[in-house]
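So the chains spell out like this:
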Amino acid sequence: MDAISTTMILKALDGLSARSAATAENIANAGSPNYRPVRVAFEELMAAAAPGGADAVRSVRPRLEQLAGTEGVRLDLELATASSTAMRYSALIELLGRQIQLHALSITGNR
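Now for a quick tour of the structure. (Residues numbered from 1 in each chain as written. Predicted model: local features only at pLDDT ≥ 70, side-chain atom pairs only at ≥ 80, totals over all residues. Heavy atoms only, no water.)

### Observations concerning the overall build of the protein chain
- Each helix and strand counted, the protein chain has 4 helices and 2 strands in total.
- For the protein chain, the succession of helices and strands along the chain, N to C, is α-β-α-α-β-α.
- Computed over its C-alpha atoms, the radius of gyration of the protein chain comes to 17 Å, more than 25% above the 13 Å expected for a compact globule of 111 residues.
- The C-alpha extent of the protein chain, read off along each of the three principal axes, is 60 × 30 × 15 Å. (Helix = DSSP H or I, 4+ residues; strand = E, 2+ residues; numbered from the N terminus. Rg over C-alpha atoms; globule rule 2.2 N^0.38 Å.)

### A short note on helix 4 (residues 75-108)
- When the terminal C-alpha atoms of helix 4 are compared, their 49 Å separation across 34 residues agrees well with the 50 Å that a helix rising 1.5 Å per residue should span.
- All buried positions along helix 4 are accounted for by Glu78, Thr85, Leu92, Leu96 and Gln99.
- Among the structural elements, helix 1 (3-28) and strand 1 (38-41) are those in contact with the buried residues of helix 4.
- Of the residues flanking the end of helix 4, it is Gly109, one or two places downstream, whose phi is positive at about 70°. (Expected span 1.5 Å × (residues − 1). Buried < 20%, exposed > 50% of the residue type's maximum accessible area, 1.4 Å probe, protein only. Contact = heavy atoms within 4.5 Å.)

### Regarding the packing of helix 1 against helix 4
- Packing of helix 1 against helix 4 leaves a shortest axis separation of 9 Å and a crossing angle of 155°. The orientation of helix 1 relative to helix 4 falls into the category roughly antiparallel. Seen along the crossing, helix 1 lies across helix 4 with a hand that is left-handed.
- Its residues placed into classes, the contact of helix 1 with helix 4 shows 14 nonpolar, 8 polar and 3 charged. (Axes fitted to C-alpha atoms, helices over the stretch in contact; angles between N-to-C directions. Parallel < 35°, antiparallel > 145°, perpendicular 65-115°, else oblique. Left-handed = near helix turned anticlockwise from the far one by under 90°. Nonpolar A, V, L, I, M, F, W, Y, C, P; charged D, E, K, R; others polar.)

### A look at the side chain of Arg19
- In this structure, Arg19 sits in helix 1.
- Each residue touching Arg19, except ones within four places of it in the same chain, is listed here: Val40, Ala41, Phe42, Glu43, Thr81, Thr85 and Arg88.

Written out as structure tokens, the structure reads:
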């Protein structure tokens, strides 16, 4: 993998971590009156930054958005978001681990 791929994986992990924290906050405040759920946006920011190279991707910060409306927290959607976020995080960790293994093999010459 090239440098931008590694940078994008690390930034995606940051974004997913922020999304996980926001989802936990939403679930914790589900019964609070007048609480407005929050979301974390970062995928579109990373997609826009990617053509600018690794430095542009490094400068991306996840954006916290408070949802408008009076619907409140929908626990079914929050749990689905939590599950999706955990699966994506796990997949990226797996990918990063495989990348590290490949680098180790190239250094040791498969010894």
